[in-house]
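Read off the chains here:
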Amino acid sequence: MVLVVLSLVMFTASARESNGGFFTSVRGVYSTITTPVRYLGVVVTAPFQGLGNVFTNLTASQKSLTELKQENAKLKASNVKLKEEKKTAERLEKLLALQSTYSLKSTAARVISGATSSWSDDITIDKGSTSGLAVGMPVTDANGAIGQIISCGGTSATVRLLTDENSRVSAMIQSSRAQGILEGSSDGTLKLTLISTDTSVKVGDNVVTSGLGGVFPKGLPIGTVMSVNKSAGALYYDIDVKPLSTAENFEEVLVITSITEDQQATSEDITSADAQDSSSSTSSSSSSSDSSYSSS
């Protein structure tokens with residue numbers, strides 16, 4: 001009781017001091033003396049506080065750990081989803097760029113399956129006749145021409161790819177304008193045929209649709225010349241073409257629903273193609289005559 005009364009007296013006297021006094025001086029001296037001790041205490045206890053935090057984390061409840069794992073899994077899934085959406089947006093932007101560049105009247109579709117048979121090279125898309133699609137319509141991806149619809153249901157359609165061995169498309173060398181036929185093959189490569197050996201063709205040349213036949217718009221990219229070979233006495237080159245896209249990369253495509261007059265081959269293109277065929281036929285006849293003469 002004596003100590004309590006003494007404390008109350010000292011507290012009251014200290015509170016009544018304004019700017020200075022006995023108790024204020026005592027507090028200052030005490031603070032000066034104990035500051036190093038308090039600092040030393042902080043330094044000494046800091047490692048133990050860290051160990052205490054580690055121990056607290058290690059002894060966290062199983063429920064907390066499970067919640068953290070679930071939250072981490074959700075964040076990872078969200079990150080993957082955002083990356084996928086970004087990739088999809090980039091592909092769609094490229095499709096729109098191709099559509100705009102070539103002024104294509106087209107409908108976008110998504111690839112829902114690859115080839116269903118080892119005997120064919122085709123894909124299935126998620127739109128059909130109810131979306132205005134029909135057999136014969138050409139199909140492109142963001143890089144250029146990839147195939148043509150060969151069957152069409154109400155809500156899906158099958159697209160024969162250019163690499164299919166039954167595929168034939170009118171094409172030309174972009175630089176020289178030499179026209180030929182692009183054919184698929186059983187090994188998935190593209191062959192450009194009927195290109196006369198008197199024309200200029202080199203590795204790296206771009207191959208585009210010629211517009212002949214009125215199926216594909218003129219000038220759509222197809223691929224690049226991968227190799228050029230000329231057999232002795234042959235009238236045409238053996239040309240391998242590397243496609244700009246492969247079936248593994250097809251996810252979204254454009255189906256060209258109609259082509260305008262200026263997207264078709266011109267009368268000059270047709271005349272040039274006829275002249276090229278005539279020239280090749282003449283060369284073939286001449287070669288046969290020379291061979292017969294030599295034999296006789």
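That block above? That's the structure.
First things first, this report covers the structure right here in the doc. (Residues numbered from 1 in each chain as written. Predicted model: local features only at pLDDT ≥ 70, side-chain atom pairs only at ≥ 80, totals over all residues. Heavy atoms only, no water.)

Brief notes about the overall build of the protein chain
Turning to step 1, where the next piece is worked out: Scanning the protein chain from terminus to terminus reveals four helices and twelve strands.
Turning to step 2, where the next piece is worked out: Residues classed as buried in the protein chain amount to 29% of the 296 residues present.
Turning to step 3, where the next piece is worked out: In the protein chain, of all internal contacts separated by at least 6 residues, the share reaching a separation of at least 24 is 56%.
Turning to step 4, where the next piece is worked out: Looking at the protein chain as shown, the accessible area adds up to about 18500 Å², and 57% of this sits on carbon and sulfur atoms. (Helix = DSSP H or I, 4+ residues; strand = E, 2+ residues; numbered from the N terminus. Buried < 20%, exposed > 50% of the residue type's maximum accessible area, 1.4 Å probe, protein only. Contact = heavy atoms within 4.5 Å. Areas by Shrake-Rupley, 256 points an atom, 1.4 Å probe, with all protein chains shown as cover.)

A short note on the environment of Leu104
Turning to step 1, where the next piece is worked out: With respect to the helices, strands and loops of the structure, Leu104 is situated in the loop between α3 (62-101) and β1 (105-113).
Turning to step 2, where the next piece is worked out: On the basis of relative accessibility, which here comes to 7%, the residue Leu104 falls in the buried class.
Turning to step 3, where the next piece is worked out: For Leu104, the residues in contact, after removing those within four places along its chain, are Leu98, Gln99, Pro217, Ile256 and Gln263.

Some points on the sheet that holds strand β3 (residues 138-140)
Turning to step 1, where the next piece is worked out: If you walk around this closed barrel you meet the six strands as β1-β2-β5-β4-β3-β12, and the pairing is antiparallel. In this sheet, neighbouring strand axes are inclined to one another by 45 degrees on average, regardless of whether the strands run parallel or antiparallel. (Pairing = 2+ DSSP bridges. Axes fitted to C-alpha atoms, helices over the stretch in contact; angles between N-to-C directions.)

So, the sheet that holds strand β11 (residues 238-243)
Turning to step 1, where the next piece is worked out: Strand order around the closed barrel formed by six strands is β6-β7-β8-β11-β10-β9, with antiparallel pairing between neighbours. Adjacent strand axes in the sheet meet at a mean angle of 40 degrees, parallel and antiparallel pairs treated alike.
Turning to step 2, where the next piece is worked out: Direction of pairing for strand β9 (residues 206-209) relative to strand β10 (residues 221-229): antiparallel, over a ladder of three bridges. Each bridged residue has a counterpart across the sheet, and for Val208 the counterpart in β10 is Pro221.

Digging into the nonpolar core
Turning to step 1, where the next piece is worked out: Counting 23 residues, the largest nonpolar core has Leu162, Leu182, Leu192 and Ile239 as the members making the most contacts within it.
Turning to step 2, where the next piece is worked out: Contributions of two or more residues to this core are made by β6 (168-173), β8 (190-193), β10 and β11.
Turning to step 3, where the next piece is worked out: Of all the elements, β6 adds the most residues to this core, at three residues.
Turning to step 4, where the next piece is worked out: With 15 residues, the next largest nonpolar core counts Ala109, Ile125, Leu133 and Ala157 among its residues. (Core = buried A, V, L, I, M, F, W, Y, C linked by side-chain atoms within 4.5 Å.)

A few points about a nonpolar patch on the surface
Turning to step 1, where the next piece is worked out: A cluster of nonpolar residues, Leu3, Leu6 and Met10, forms a patch on the protein surface that exposes about 310 Å² of accessible area.
Turning to step 2, where the next piece is worked out: Within the secondary structure, Leu6 sits in helix α1 (residues 2-16).
Turning to step 3, where the next piece is worked out: Leu6 sits in the partly exposed class, given a relative accessible area of 46%. (Patch = residues over 30% accessible without salt bridge, like charges linked within 9 Å, V, L, I, M, F, W, Y side chains within 5 Å. Salt bridge = Lys/Arg side-chain N within 4 Å of Asp/Glu carboxyl O.)

Re the pairing of β10
Turning to step 1, where the next piece is worked out: Where β10 lies against β11, six bridges are found, and the strand directions are antiparallel. Looking across to β11, one finds that Ser227 is bridged to Asp240.

Overview of the side chain of Glu252
Turning to step 1, where the next piece is worked out: For Glu252, the position within the fold is in strand β12 (residues 252-258).
Turning to step 2, where the next piece is worked out: Here Glu252 is in contact with Thr88, Arg91, Leu92, Leu95, Ala109, Arg110 and Asp141, once residues within four sequence places are set aside.

Points about the pairing of strand β4 (residues 145-152)
Turning to step 1, where the next piece is worked out: Where β3 meets β4, three bridges bridge the pair, whose relative direction is antiparallel. Residue Pro138 lies in a different strand from β4, and its bridge partner there is Gln148.
Turning to step 2, where the next piece is worked out: Hairpin connection, β3 to β4: the antiparallel pair is bridged by four residues, and Gly144 has positive phi, about 155 degrees.
Turning to step 3, where the next piece is worked out: Two elements, β4 and strand β5 (residues 157-161), share five bridges in a ladder whose sense is antiparallel. Within β5, the residue paired with Ile149 across the bridge is Val159.
Turning to step 4, where the next piece is worked out: Between β4 and β5, which pair antiparallel one after the other, the connecting turn spans four residues.

Read these as spatial facts, not as claims about activity.
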